[in-house]
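This is what each chain is made of:
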Amino acid sequence: MNNNMKKIYDILLKEYGLQGWWPILDYIGENPTKTGSISGYHQGDYSFPRNDDERFEICAGAILTQSTAWTNVEKALLNLKKRNVLNEKGIIKLSHGKLKELIRPAGYFNQKAKKLKKFAEFYIKMDGKTPHRDELLDVWGIGPETADSILLYAYKVPSFVVDAYTRRIFSKLGMIDNKSTYDEIKSMFEDSLDRDYRIYQEFHALIVEHAKRCYSKGGDECMLQKQLIK
DNA sequence: AACCAGGACGTGA
DNA sequence: TCACGTCATGGT
């Protein structure tokens, strides 16, 4: 009762387990392969990103997955990785046309090519420094959710990610109404949880997992919904 | 064969 | 401010 949010987190965690987000491309020998095929999800390991390439990969994935299924994003990331351009210098070096071609499967490729270019410039300008949220929001193509995803998963900054699933689930639970702003919802979570990036990471991933099971077509398993309300 | 996916931007009112 | 159209591929 005092802390519904923590209770909901515990229920989801118990039900679905650690999610191990953000997914990172995997390797078979030297060859990059899609996330999750071996261990792209890294349950219980919070050491990611382990290097600068992985950090940039997370950022690029956050941009490419805007309103797009992850399976499509993987194809784009793999295209970039295989050409060794899944990094800031590579993105800068590519022509717009070539970049569009490589990220085509992720959809919205005209916009996303521009977004990746803009972000790569920003990334170089940051020179390894952790960006502030406002700085990310000033980059063309980066809105609140993408900014928070980058902060939380690429930089381990405890900045809660609010997405469409979060709205659906928690408005269904009566904890937010449809006129709530992004920042209001974000604050609701941050005010009632320990300021721990690991919890923020897992919670957002659990919300996505729960929504996919309960709010997609053929979504059953929604008895969980009843547990959550208590 | 419509519908939608881990959003953000541009526009008009 | 805010509601609404637009962007695009690949799954069901």
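Residues numbered from 1 in each chain as written. Chains lettered and ligands numbered in written order. Predicted model: local features only at pLDDT ≥ 70, side-chain atom pairs only at ≥ 80, totals over all residues. Heavy atoms only, no water.

What follows deals with the domain arrangement of chain A. By domain assignment, chain A separates into domain 1 (1-46 + 160-230) and domain 2 (48-155). Contact residues are listed per partner, giving 26 residues for domain 1 and 21 residues for domain 2. Together domain 1 and domain 2 conceal approximately 2,100 Å² of surface at their shared face, both sides included; 68% is due to carbon and sulfur atoms. Looking only at domain 1, the three residues that lose the most surface to domain 2 are Trp22, Ile24 and Leu25, adding up to 35% of its buried area. Across the domain 1-domain 2 interface, the total number found is 2 salt bridges. (Domains from an automatic or database assignment. Contact = heavy atoms within 4.5 Å. Buried area = accessible area lost by both parts, 1.4 Å probe. Salt bridge = Lys/Arg side-chain N within 4 Å of Asp/Glu carboxyl O.)

Let's shift gears to the protein's contact with DNA strand C. Near DNA strand C lie 10 residues; those nearest to it are Asn72, Lys75, Arg104, Tyr108 and Asn110. Taking all atoms of DNA strand C within 4 Å of the protein, the share assigned to sugar and phosphate is 58%. Within the side chain of Asn72, one N or O atom sits 3.0 Å away from a sugar or linking oxygen of DNA strand C. Taking Asn110, its main chain carries an N or O atom lying 2.7 Å from a phosphate oxygen of DNA strand C. Counting residues per element, the ones that place at least two in the surface near DNA strand C are helix H3 (70-82) and helix H6 (109-126). Among the elements that make up the surface near DNA strand C, the one with the highest residue count is H6 (3 residues). Of the residues in the surface near DNA strand C, the class split is 3 nonpolar, 4 polar and 3 charged. (Near = heavy atom within 4 Å. Polar contact = N/O pair within 3.5 Å; in protein donor to acceptor, adjacent residues only side chain to side chain. Helix = DSSP H or I, 4+ residues; strand = E, 2+ residues; numbered from the N terminus. Nonpolar A, V, L, I, M, F, W, Y, C, P; charged D, E, K, R; others polar.)

Within the secondary structure, Val73 sits in helix H3. Sequence-wise, Val73 and Asn84 are 11 residues apart; in three dimensions their C-alpha atoms are separated by 17 Å. Setting aside residues no more than four positions away along its own chain, Val73 makes contact with Gly61, Leu64, Thr65, Thr68 and Ala106.

Leu80, Phe119, Ile150, Phe170, Phe189 and Phe203 are the most contacted members of the largest nonpolar core, which has 68 residues in total. Top contributing element to this core by residue count: helix H11 (residues 197-214), with 9 residues. Taken domain by domain, this core gets at least three of its residues from each of domain 1 (1-46 + 160-230) and domain 2 (48-155). Filtering out sequence-adjacent residues up to four positions away, Phe189 remains in contact with Met5, Phe160, Thr166, Phe170, Phe203 and Ile207. (Core = buried A, V, L, I, M, F, W, Y, C linked by side-chain atoms within 4.5 Å. Buried < 20%, exposed > 50% of the residue type's maximum accessible area, 1.4 Å probe, protein only.)

Packing of helix H9 (residues 164-172) against H11 leaves a shortest axis separation of 9 Å and a crossing angle of 70°. Looking at the two axes, H9 sits roughly perpendicular to H11. Across the interface between the two elements, Tyr165, Thr166, Ile169 and Phe170 of H9 pack against Phe203, Ile207, Val208, His210, Ala211 and Lys212 of H11. In terms of residue class, the contact of H9 with H11 is built from 7 nonpolar, 2 polar and 1 charged. (Axes fitted to C-alpha atoms, helices over the stretch in contact; angles between N-to-C directions. Parallel < 35°, antiparallel > 145°, perpendicular 65-115°, else oblique.)

Moving on to helix H1 (residues 4-16). Structural remark: α-helix, 3.6 residues per turn; residues separated by three or four positions point the same way. The terminal C-alpha atoms of H1, which comprises 13 residues, lie 18 Å apart, in line with the 18 Å expected from a rise of 1.5 Å per residue. If you check which residues of H1 are buried, you get Met5, Ile8, Tyr9, Leu12 and Tyr16. Summarising the axial view, the buried residues of H1 lie within an arc of 100°, below the 170-degree limit, and thus occupy one face. After H1 finishes, the residue Gly17 shows a positive phi value of roughly 80°. (Expected span 1.5 Å × (residues − 1). Arc of directions from axis to C-beta.)

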